[in-house]
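Below, each chain spelled out in residue letters.
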Amino acid sequence: MASPIRILTAVPICDGHDSAINTINLEFIRHGIEVVYLGYHRSVSDIVRAAIQEDVRAIGISSYNGGHVEFFAEVVNLLCKHGADEIKVFGGGGGTITDVDATAMRRKGVDKIFFAGTSLSEMVQFVRRQYGKPHRKRARAKTADIDLARKLTEIEDAFTSRKRPTPNAQRPTSKAEKKHQTSKIKHQRSPVIGFTGPGGAGKTTLIDELVLRFLRKSPKGRVAILSHDPSVVGEGALLGDRATMINSQNDRVFMRSMATRGQAGGLSPATHDCLALLSRASFDYVIIETVGTGQEAMPFRKNGIVDLNVLVMNPDYGSRLQLQKIVMLDLADVVVVNKSDLQRARTAHTEVEQRLEQNRRSQQLVDTVAKRHRDPGVDRLFDLISASEPASRRKDRKK
Ligand code: B12
Ligand SMILES: Nc1nc2c(ncn2[C@@H]2O[C@H](COP(=O)(O)OP(=O)(O)OP(=O)(O)O)[C@@H](O)[C@H]2O)c(=O)[nH]1
Ligand SMILES: [Mg+2]
């Protein structure tokens, strides 16, 4: 099976018109395209960085603020500067982009501008026709991030090209997969922190706040984030975690969004190998976020690379009875009750605390308000993570 087309979409800086791109994203997804959505009010450098890290085939920009001629051209130029000009640029902006503008933009290297009145199916056909084939004979990667991004694509594609994806398959078999095989993980690898929890609990917001603290504490450090969103085999996906990120739009953060491509449990068939690659790529931390999970999920159990398991919960999980059913409450090293600004948070804290006492092991419970800047709960979580000794290093010490 061919790998889905991956594109990145965004709305430029000083522009909040996101309704058009939201509609277009959905149409692309419905037609089997994986869309990494960066959100609105995004700068040229944020867009180019994301496109490179995500190793997308093209960038679709929706622009209504009037600055399209310069903005699109700057994206094209910056891609060229980074040696990533194989990534194409296209987009639209309704009546704000005139015929004359579009001609000028094409001259500056923009692939295609869609005018008002174009049907959504025409756009889908264009993307399929123009960007349907993988990049062949790629020029040598000019930067380490481009090289890493391509290797991640190679791993992901190797899993997808199998005739029948095996559920929970973690053992690579193809040539490309073997090349990146992770059984020989070096001892010196980055600590890997795993975040899981129900959809919308605030995992991404929390990770973004933790990244902010990390960037401040380590002026030269780098973090990698591997983020997941759900998808069915052979179908498209909205990879939307980047749209929630503010602080992680930074050259010291390497983020990759993955669709689960049919695998249940919160991760993709290629996660293990992608994670292993990232953990060997000299980041100070590697953070992994699962899709929003259910009561039975234990996504990091078989993974073997995650050093610290963090379960992020909503205060409104139901009642004490529901808590008994959440398997991750037994497995997590740290349980976060996020959205502590909500009314039920105090009760949730007490109930979760009592639930954890039954486990009789040292699990930490932290209350956070991830959407509030400088939240003391997030500070505490950051300190806990910084102080935790990765399991990999503990194992090394015992040897
Ligand atoms: C809806 C709308 C709003 C909504 C936005 C809701 C939202 N979340 O997106 C609201 C009411 C909030 C709004 C606010 C403002 N708006 Co307004 N808005 C519009 C409006 C009416 C429609 C835009 C739209 O979504 N069209 C629907 C899309 C699907 O169709 P389309 O635009 O024809 O696009 C086609 C193609 O170009 C293509 N396409 C578009 N993008 C992309 C991307 C890709 C990748 C692809 C493949 C294709 C593609 O898809 C369509 C296919 O037919 C336009 C006027 C108009 N009729 O175009 C003004 C307009 C864009 N707004 C305008 C202005 C000035 C503003 C405000 C500054 C007003 C104010 N003073 O507050 C604010 C700014 C908001 C902000 N934060 O940026 C001006 C812009 C003028 C300019 N640039 O010179 C316009 C043109 C109105 C006008 N005539 O004055 N706006
Ligand atoms: N009230 C409140 N809202 C929050 C808090 N943290 C995050 N949110 C909001 O919750 C919504 C979901 O946040 P995300 O960070 O995207 O949640 P997520 O767990 O990553 O979601 P998925 O990846 O879809 O599973 C957003 O609208 C956030 O602004 C918080 O502490 N309090
Ligand atoms: Mg998320």
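Quick caveat, the model's predicted, so the values are computed rather than measured. Residue positions within a chain follow its written sequence, with the count starting from 1. Just so you know, chain letters begin at A and ligand numbers begin at 1, following the order they were written in. Owing to the predicted nature of the model, reporting of local features is limited to residues with pLDDT of at least 70; listing and counting of side-chain atom pairs is limited to 80 or more, with chain, interface and lining totals taken over all residues. Think of the side-chain values as coming from all heavy atoms in the structure, minus any hydrogens and water.

S.K.: Explanation requested: the coordination of the magnesium ion (ligand 3) in the structure shown.
M.R.: Ideal donor angles around a metal are set by the shape: a four-donor tetrahedron calls for 109.5 degrees, a six-donor octahedron for 90 or 180 degrees. Those protein atoms acting as donors to the magnesium ion (ligand 3) are Thr204 (OG1), Asp241 (OD) and Glu289 (OE), and they sit at 2.0 to 2.3 Å. If you list the donors of the magnesium ion (ligand 3) from N- to C-terminus, the spacing comes out as T-x36-D-x47-E. Of this pair, Thr204 sits in helix α8 (residues 203-217) while Glu289 sits in strand β10 (residues 285-289), placing them 85 residues apart in sequence. Classification of residues uses two cut-offs on accessible area relative to the type maximum, computed with a 1.4 Å probe and protein chains only: under 20% is buried, over 50% is exposed, and between them is partly exposed. With relative accessibility at 6%, the residue Thr204 sits in the buried group. For Glu289, a relative accessible area of 3% translates into the label buried. Coordinating donors are taken to be N, O and S atoms lying within 2.8 Å of the metal, or within 3.2 Å when the metal is Na, K or Ca; because water is excluded from the atom set, some sites may appear incomplete. Helix and strand labels come from DSSP, where a helix needs a run of H or I of at least four residues and a strand needs a run of E of at least two; each type is numbered from the N terminus.

S.K.: Quick question: what am I supposed to make of helix α6 (residues 144-160) here?
M.R.: Along an α-helix, a turn takes 3.6 residues, which lines up residues three or four apart on a common side. For a helix, the expected span equals 1.5 Å multiplied by the number of residues minus one. Between the first and last C-alpha of α6 there are 25 Å, a value that for 17 residues agrees with the 24 Å anticipated at 1.5 Å per step. A large share of α6 lies buried, amounting to 12 of its 17 residues. Every buried residue of α6 is listed here: Asp145, Ile146, Leu148, Ala149, Arg150, Leu152, Thr153, Ile155, Glu156, Ala158, Phe159 and Thr160.

S.K.: Please clarify how the nonpolar core should be interpreted in this entry.
M.R.: Within soluble globular proteins, side chains that are nonpolar generally end up buried alongside one another. Only buried Ala, Val, Leu, Ile, Met, Phe, Trp, Tyr and Cys residues count toward a nonpolar core, and they belong to the same one when joined by side-chain atoms within 4.5 Å. Judged by nonpolar contacts, the single largest core of 32 residues is most densely connected at Leu8, Ile47, Ile59, Val75, Leu79 and Ile87. Of all the secondary structure elements, the ones that give two or more residues to this core are β1 (6-10), α2 (44-54), β3 (58-62), α3 (68-81), α4 (99-107) and β8 (237-239). Here this core gets seven residues from one element, more than from any other, and that element is α3. Residues are treated as being in contact if the distance between any of their heavy atoms lies within 4.5 Å. Excluding anything up to four places from it in sequence, Ile59 contacts Leu8, Ile47, Ala51, Val75, Leu79, Ile87, Lys88, Val89 and Phe90. The next biggest cluster of nonpolar side chains, apart from the first, holds 27 residues, and it includes Leu215, Met245, Val253 and Ile385.

S.K.: Would you explain empty space enclosed by the protein in this entry?
M.R.: Over the atoms rolls a probe the size of a water molecule, and in doing so it shows where empty space is left. Points on a 1 Å grid, built from protein atoms alone, make a cavity when a 1.4 Å probe fits but cannot get out and make a pocket when they are open with protein on both sides within 12 Å along at least 5 of 7 lines; residues with an atom within 4 Å of a point are the lining residues. Grid points are joined across faces, edges and corners, and a volume is the space filled by probe spheres set on the points. The final tally for this structure, using the stated rule, is three cavities of 30 Å³ or more. By volume, the second largest cavity is sized at about 90 Å³. Lining the second largest cavity, in full, are Ile193, Phe195, Leu210, Val211, Phe214, Val223, Tyr285, Ile287, Phe382 and Ile385. Among the secondary structure elements, those contributing two or more residues to the lining of the second largest cavity are β6 (192-196), α8, β10 and α14 (376-387). Ranked by residues supplied to the lining of the second largest cavity, first place goes to α8 with three residues.

S.K.: Quick question: what am I supposed to make of the sheet that holds strand β4 (residues 88-92) here?
M.R.: In space, the six strands of this open sheet follow the order β5-β4-β3-β1-β2-β8, with parallel pairing throughout. Every interior strand has two partners, whereas the edge strands, β5 (112-114) and β8, have only one. The sheet shows a mean angle of 25 degrees between the axes of neighbouring strands, direction not considered. We call two strands paired when DSSP finds no fewer than two bridges between them. Judged from the four bridges that link them, β1 and β3 form a sheet pairing that is parallel. Bridging from a neighbouring strand, Ala10 pairs with Ile61 of β3. Note on definitions: angles span 0 to 180 degrees between N-to-C directions of axes, and those axes are lines fitted to C-alpha atoms, for helices only across the stretch in contact.

S.K.: Sorry, what's going on with unusual backbone geometry here?
M.R.: With the exception of glycine, the majority of residues adopt a negative phi angle, and the majority of peptide bonds are in the trans configuration. You will see that His41, though not glycine, has its phi angle at about 55 degrees, which is positive. Position of His41 among the secondary structure elements: in the loop between β2 (34-37) and α2. For His41, a relative accessible area of 41% translates into the label partly exposed. The backbone phi angle of Arg360 is positive, close to 50 degrees, even though this residue is not glycine. When you line up the elements, Arg360 lands in the loop between α13 (345-357) and β13 (364-367).

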